[in-house]
Amino acid sequence: MFSITVRDHMMVAHSFRGEVFGPAQRLHGATFVVDATFRRPELDDDNIVVDIGLATTELGKVIGGFNYRNLDDEEQFHQINTSTEYLAKVIADRLVEAIHAGALGEGARGIREVVVTLHESHIAWASYERSV
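Residues numbered from 1 in each chain as written. Predicted model: local features only at pLDDT ≥ 70, side-chain atom pairs only at ≥ 80, totals over all residues. Heavy atoms only, no water.

1. Considering the overall build of the chain
Moving on, step 1. A count of helical and extended segments in the chain gives 2 helices and 5 strands.
Moving on, step 2. On C-alpha atoms alone, the chain measures out to a radius of gyration of 16 Å, which is about the 14 Å that the 2.2 N^0.38 rule sets for 132 residues.
Moving on, step 3. With the principal axes as the frame, the chain shows a C-alpha extent of 50 × 30 × 20 Å.
Moving on, step 4. A buried classification covers 40% of the 132 residues belonging to the chain.
Moving on, step 5. Long-range pairs, those at least 24 residues apart, make up 68% of the contacts in the chain with a sequence separation of at least 6.
Moving on, step 6. A total of about 7200 Å² of accessible surface is found on the chain, and carbon and sulfur atoms cover 50% of it.
Moving on, step 7. Computing the positive centroid from 12 side-chain charges and the negative centroid from 20, the chain places the two 2 Å apart. (Helix = DSSP H or I, 4+ residues; strand = E, 2+ residues; numbered from the N terminus. Rg over C-alpha atoms; globule rule 2.2 N^0.38 Å. Buried < 20%, exposed > 50% of the residue type's maximum accessible area, 1.4 Å probe, protein only. Contact = heavy atoms within 4.5 Å. Areas by Shrake-Rupley, 256 points an atom, 1.4 Å probe, with all protein chains shown as cover. Lys, Arg positive; Asp, Glu negative; His and termini not counted. Charge placed at Lys NZ, Arg CZ, Asp CG, Glu CD.)

Below, the structure is given as C-alpha cells:
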C-alpha cells in the first residue's frame, strides 16, 4: 500500500460532559497537529497517491471551519463531546466527501483509505481510519 501524509494544525476551545474528563469539563483550549494520510494499493497514472498540494488545500479547508472556534457553540456539535477521537472521525469523513466530490483530483478516486491523526501533544494522539 502506498501512502502520503499532509499536515496542518488547528486551535479550538471546547468542554466535555462526564466525570471521566475531570478538569476538562471546564472550557479549555486545545491545539492539534493534524495529519491526514491517504493510502492506495497502486499509484495513479502520474505515479503518485494524490496531488500533495490538493490534499494540503483540502485538509486546510476542512479544519479551517473549526480553527479559532469554541466547538461548544457550533450547532453541529450540540451535546457532543468533541474528543480528539471524535474530531479525527469528523475530519476523515469530510476528506472522504472531498475525494468523492473530485476536490482532490480525478486520480484521487483510487484512494482506498484515509487516516486522520490528531496530536494533542508530543505524548498523546488519536487516529481514525476509514475506507473510501
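2. Things to note about the packing of helix α1 (residues 52-64) against helix α2 (residues 84-100)
Moving on, step 1. Running from amino to carboxyl end, α1 crosses α2 at an angle of 130°, the nearest separation of the two axes being 10 Å. Classed by the angle they form, the pair α1 and α2 counts as oblique. The handedness of the crossing between α1 and α2 comes out as right-handed. Of α2, the residues touching α1 (which contributes E58, L59, V62 and I63) are I91, R94, L95 and A98.
Moving on, step 2. For the contact of α1 with α2, the per-class residue count stands at 6 nonpolar, no polar and 2 charged. (Axes fitted to C-alpha atoms, helices over the stretch in contact; angles between N-to-C directions. Parallel < 35°, antiparallel > 145°, perpendicular 65-115°, else oblique. Left-handed = near helix turned anticlockwise from the far one by under 90°. Nonpolar A, V, L, I, M, F, W, Y, C, P; charged D, E, K, R; others polar.)

3. Description of α2
Moving on, step 1. Under the 1.5 Å per step criterion, the end-to-end length of α2 is 25 Å for 17 residues, consistent within 8% with the ideal 24 Å.
Moving on, step 2. Considered for burial, the residues of α2 that qualify are T84, L87, A88, V90, I91, A92, D93, L95, V96, A98 and I99.
Moving on, step 3. Looking at the buried residues of α2, the elements they touch are β1 (2-14), β2 (28-40), α1, β4 (113-119) and β5 (125-131). (Expected span 1.5 Å × (residues − 1).)

4. Some thoughts on unusual backbone geometry
Moving on, step 1. Its identity as a non-glycine residue notwithstanding, N47 has a phi of 65°, on the positive side.
Moving on, step 2. Of note, N47 is situated in the loop between β2 and α1.
Moving on, step 3. With phi around 65°, Q79 is a residue other than glycine that occupies positive phi space.

5. Considerations on the pairing of β1
Moving on, step 1. Of the strand pairs in this sheet, β1 and β2 are connected by 13 bridges, and their pairing is antiparallel. The residue bridging V6 from the neighbouring strand is A36, located in β2.
Moving on, step 2. As paired strands, β1 and strand β3 (residues 69-70) are joined by 2 bridges and run parallel to one another. Note that in β3 the partner of A13 across the bridge is N70. (Pairing = 2+ DSSP bridges.)

6. Considerations on the pairing of β4
A regular strand places its side chains on the two faces of the sheet in alternate fashion.
Moving on, step 1. Among the 7 residues that make up β4, 6 are buried, leaving the element largely enclosed by the rest of the structure.
Moving on, step 2. Here 7 bridges tie β2 to β4, and the two strands are oriented antiparallel to one another. Residue pairing for β4: A36 is matched across the bridge by V116.
Moving on, step 3. Pairing of β4 with β5, which is carried by 7 bridges, proceeds in the antiparallel orientation. Bridge pairing in β5 links V115 to E129.
Moving on, step 4. Between β4 and β5, which pair antiparallel one after the other, the connecting turn spans 5 residues.

Nothing here speaks to function; it is all geometry.
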